[in-house]
Amino acid sequence: MRTMNKNLLRSVLIISYMIIIAIIIGGISSLFGYLNTGADRASILHTEIQKIDQYIPEVIWAPLQNEGRPMDEQTLKRIENNYLDAWYVKQVAYKTNTTNGIEDYYTENARKNLYNTIAYNTKEGVTTEATTLAHHPTLEFFSEDGQLAVITDTNVVEYKRIYKDNILVLETTEVATYTIALLLEDGFWRIRHMIKDSHEPYIETANFGETTEVSFKGINYYPQATPWDMFGVGFDPEILAKDFKIIKDAGLESIRIFVPYSDFGKAHVAIGKLEKLEQTLDIALQYDLKVMVTLFDFYGDYSVLDWTLNRRHAETIITTLKDHAALYAWDIKNEPNLDFESRGKQQVTAWLQMMTSFVKKTDPKHPLTIGWSNAESAAILKDQVDFVSFHFYEDINILEETYTSLKKQIPEKPIVLSEFGMSSYRGIWNPFGNSEKDQAAYHKEMQGIITKNKIPSMSWTLYDFVEIPKEVIGRLPWQKNNQKQFGFIDQKGDEKAAFKYISNE
Amino acid sequence: MKYKKIHILICIGILISTVTIGQHKNQGDRITLVTTQTEFEVGSTVLLQFSSSDTELPLLYCSNSYGSTVITPVLEDLGLYYEIPEFITNKKGIVHWKLIGHESTLGMFTMHPQERVTSMETYIGPPTIEAGAIDYTMLVVIPTDALDNPMPENTSVMVNHRFLETQKRDEVVTNKIIAYKNITSETKSGRLFISSECLETNSKEYTVDVLPAIPTDFTISVDRPHEYADGNQITSLYTSILRDQYGNEVSDGTFVTFFITNKEGNILKTSGTTVQGIATATMIHPDQEEAWSIKAYVQGMAESNRMTIAYQQVIKDVEIAFAKANREIKVGPLKSFMNQMIPDGFHVVLEIYKGDTLLNTETKTSKGGYVSFMLKEEMYISGTYTIKIKTAGIEKSFKNIKL
C-alpha cells in the first residue's frame, strides 16, 4: 500500500514537472517567435503597395510648362496617384469621421487640419459623403532635388452630401480651384498645403431632349441558351445572326440588350467582353436592327465613393460604341426604382442624375433613357433623359390610361414602353397561370393598344429560357419557372401562338 | 426723331424700375445676410449675422480648403448668428457657405494669412553641387504665419548667400505658395552659406558644399629605395596634385588606378585614393630585370602621362649543389647587389621532369640566402629525372639526374 502510494506520488511529481517544463519551453519559444517578427524591410520604401483602383476621377493634366526641374512622366504619374489617394482617404475620413490613411498622404502639419475638421464634425454629428468627378491639374513647380511640387487643380468638380445626425441636410455639387504643395516623404507624395482659391456653383452642361428619335417596334433580347450571360463563354455570333434574322423577319426594327457591370470588369472593362459587345452591334447592323444598350446591369451600390469607378466603366463602353451605326440609345440602368427601398431613393436618383449627365456629355449624339420598372417612377428625372421609358407588366386594361396620363404629364418627350409581356407558364407551381393561348391574346390586344396610341414599344422577350441564373429572380421555383416562359418562341425552338403578334404588322 | 428718344427714355426707365423692384424683392426674403465683411485675417473670429423674421433656425453649410461642416445658429434679438469654427477660420482660402433650406442664400468670404511670418519652411537641394558656374542648388522657401498658412502671392523674400568672400542678397517673391531661388556655383570649390528672410523673420543657416569638378589630366612620379630587382623593396607611385579645370584640388578619396605594363606585356594593377589631391599606390620590386611602363587613370575622367622605370638584375648566377644521393638540392648562396645575402623570401622554383613530362613544381622562398629542396623517396622512386631550377629570371637545367 505504501509503495503504491509512493509510486503514485512519484508519477504525479514527474508528470507535473514535465508539464511545467513544457509550459516554460512553449512560453520561451513564443516570446522568441514574437521577437523575430516585425516589419518586412522592403516595406520601408513602400514599394510593395499595389495600386488598386478605388478612386479614378477624370484627370486632365495641362501641358507641362512648370518652373524648376523638368518633370518626367513616371514621377508625374506617381504624384497623380498619391494626390488622388489623398483625396480618397480624405473622403473616407469625412464619411466615417475616422483618421485612417491620412498619415500616408498628408504631412504632419497638414494632417492637423483634417483632424480638426474630423474632431469638430464628430462633436457636431456631421458626416460628409463626397467624391470628386474631375480634376484639371497644372504642374506649377517642381524643385531641383525632386522633393517638392506645386500644382494648381482647376475646376475640381466635387459632389457632396452632408448629413447631420445621420439625416441628409444638403446635397451639393461645387466647382473649386485649389493650389497644392506636395512633399516627397517616405516614398509618398504628401500634401503639405492646400488652399482653395476659388469656388463656383456647378452648372449642368449636358443638353437633354435634342435627340429624341425613337424606334417604334422592338424587342428585349437574350440568346436562348445564355440568358443574363450574353457575353460569357457561350457567346456565339452564329446564334446572334440567326436570332437577329428572326427578329428582322418578324418586322421588328430594334433590340434592347444588357451590359452587366461586374461581369464586364467594373472600372476596367475587359477587352474581350467589349469586343463581343461590339460584334453584337456589328451583327445587328447586318440585319438592319438598332440596338438599345442597357448599362449597369446587376449593379446596385450607388455609393458616392463608387462614382468615379462607374464613370470609368461607362466611359470605356460609350466611347467604344458611340460611333457605331447600329447604336440606337443608352438605357442608363434597368429598373433602378427597384433599389429605392434598399439603397434609398435619394441615393439612387443622385447617382442617376450624375450618370445621365456624364453619359450625355460623353455621347451627345445618341438618345438616353432610364428603364423605369413602372409608370409611376417614369417622371423622375424626366429632364435628365432624351426620352422617357417604363416597363409594364400590370393589367392590360389600364395601359392606355396609364400611357395617356403619363403623356399628359410629360408632353415634351417621347415615352417608350421598353418592356412588356406575359408568361405562359402553367404548371405545378402555378396551376392557374396563363396558357400560351392567353399569352397570344395578351399580345394581340397589346399590339392593338400600341398601334392605336402610337406607343414606341419593346416586348419581353424573344425566347423561353431553359435555365435562369439565380441572381436574376432568386431561387424560388414558382418565380423562376414563371420567368422562363415570357418568350415568343418556346424552349424547343418552336414559335408559340403569340409569335403572330410579336409586331403590329 | 424726338418721339423716338422719348420712347427710349421710357424703356430705360422701365428697365431701371424693374431692376430696383427686383432688388427690393431680394431684400424682402425672410433671411438675409447682415454681415458685410468678406475679408478676414486667419485666427480672427468670424461671425455671420443674418436678419430673420421668425424663429426658424436653419443650419449653415460651410466649406473651406480642407473640409466641410454644418453650423448651428444662435438666435438673438438682432437675428441669427453663426460662429464659424476655428478649424475653418484658422486656414487661408475661400470659404463658401450656404443656408440649408434657403439654398439661394449663399456666399463666400476669404481668409487671409496673418501679416507676420513665424516659420520659414526651407527646402534646399541638392546639398552638394559642382564648381564651374554651371551646376546650381535650389532654395525653396514657404514662409508661413503662426497658423501654418503660406503668405499671399508676391510676398517678398530676401535670399542671402555667401561664398568665400562674396556675399549677395537677392529678392524673390512667393508664387503659388513657394518662393525659390537657384544659386549657381562659382569656379572655386568651398562652402556656400544660405539664409532667407521674409517680413523681418529670418531663417536659420543652410550650407551647400561646392565640390570640385572632375579632375583634369595629371602627371605621375615614382619613389623607390633602390633600382634593383630584389623582390623585396617597395616602389611608391604618386600622382601630382589632381585639380579640376578651375584649379580646385579634387575631393579627398578620388580613386586613382595605376596600370603597370611589364616587359612581357603583362599588366599589374595598383590603386590609391587622393588625400589633398595626391593619390599614392605601392608595388613590390620585381625579382628580375624589368622595365615597367606606368600610366594612371581616374576612370572615365582623367589620365596621366606614361612613364617607364627600369630595375636591374641583382643575381647574376646561381650555384646549385646536389647531396644525399642527389635527393637534396641546395640553391645558393643568392647574393644581392653588394654581394650581401639576398633578404629572406626570394622565390626559387624547382621543376621535376620524367622524360619530357612535368611531374611536379615546388616553390620555396629563400632563408639566409639559401633554399634547399628534398626529393622524397615516397614521391620520386629511383630512376633518372630532369631537374630545372628557376630564380631571378635564371633557369638551370640538369638532365639525367639519378635518384
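That block above? That's the structure.
Rules used in this analysis
Residues numbered from 1 in each chain as written. Chains lettered and ligands numbered in written order. Predicted model: local features only at pLDDT ≥ 70, side-chain atom pairs only at ≥ 80, totals over all residues. Heavy atoms only, no water. Helix = DSSP H or I, 4+ residues; strand = E, 2+ residues; numbered from the N terminus. Rg over C-alpha atoms; globule rule 2.2 N^0.38 Å. Buried < 20%, exposed > 50% of the residue type's maximum accessible area, 1.4 Å probe, protein only. Contact = heavy atoms within 4.5 Å. Areas by Shrake-Rupley, 256 points an atom, 1.4 Å probe, with all protein chains shown as cover. Expected span 1.5 Å × (residues − 1). Pairing = 2+ DSSP bridges. Axes fitted to C-alpha atoms, helices over the stretch in contact; angles between N-to-C directions. Patch = residues over 30% accessible without salt bridge, like charges linked within 9 Å, V, L, I, M, F, W, Y side chains within 5 Å. Salt bridge = Lys/Arg side-chain N within 4 Å of Asp/Glu carboxyl O. Lys, Arg positive; Asp, Glu negative; His and termini not counted. Charge placed at Lys NZ, Arg CZ, Asp CG, Glu CD. Buried area = accessible area lost by both parts, 1.4 Å probe. Polar contact = N/O pair within 3.5 Å; in protein donor to acceptor, adjacent residues only side chain to side chain.

**Re the overall build of chain A**
When helices and strands are counted, chain A shows 13 helices and 14 strands. Relative to a compact globule of 505 residues, whose C-alpha radius of gyration would be 23 Å, chain A shows 30 Å and is clearly more extended. Reported as C-alpha extents along the three principal axes, the dimensions of chain A are approximately 95 × 90 × 45 Å. Going through the 505 residues of chain A one by one, you find that 54% of them count as buried. In chain A, 72% of the contacts between residues at least 6 apart in sequence involve partners at least 24 apart. Counting only carbon and sulfur atoms, one obtains 54% of the accessible surface of chain A, whose full area is about 23400 Å².

**Brief notes about helix H9 (residues 345–362) of chain A**
With 18 residues, H9 of chain A extends 25 Å from end C-alpha to end C-alpha; this agrees with the ideal 26 Å at 1.5 Å per step. Counting buried positions over the 18 residues of H9 of chain A gives 14, a clear majority of the element.

**What about the sheet that holds strand E33 (residues 394–402) of chain B?**
Residues and elements named next belong to chain B. Strand order in the open sheet formed by four strands is E30-E29-E32-E33, and the pairing between neighbours is antiparallel. Bordering the open sheet on either side are strand E30 (357–365) and E33, each of which pairs with just one other strand. Sheet twist, expressed as the average angle between the axes of neighbouring strands with direction ignored, equals 20 degrees.

**Some words on a negative patch on the surface**
Residues Glu376, Glu394, Asp395 and Glu445 of chain A make up a contiguous surface patch of negative charge. With respect to the helices and strands, the residue glutamate 394 of chain A is situated in the loop between strand E12 (388–392) and helix H10 (399–409).

**Observations concerning the interface of chain B and chain A**
Tallying the contact residues gives 40 residues for chain B and 43 residues for chain A. Between chain B and chain A, the buried area comes to about 3500 Å², and carbon and sulfur atoms account for 62% of it. Among the residues chain B hides against chain A, the three largest losses belong to Tyr66, Phe87 and Lys176 of chain B. Together they make up 20% of the total. Remark: the boundary between chain B and chain A carries two salt bridges. Our count for the contact surface shared by chain B and chain A stands at 20 residue pairs in polar contact (both at pLDDT 80 or more). Among the secondary structure elements, those contributing two or more residues to the side of chain B that touches chain A are strand E4 (60–63), strand E5 (68–71), strand E8 (93–99), strand E9 (102–112), strand E10 (119–125) and strand E12 (136–144) of chain B.

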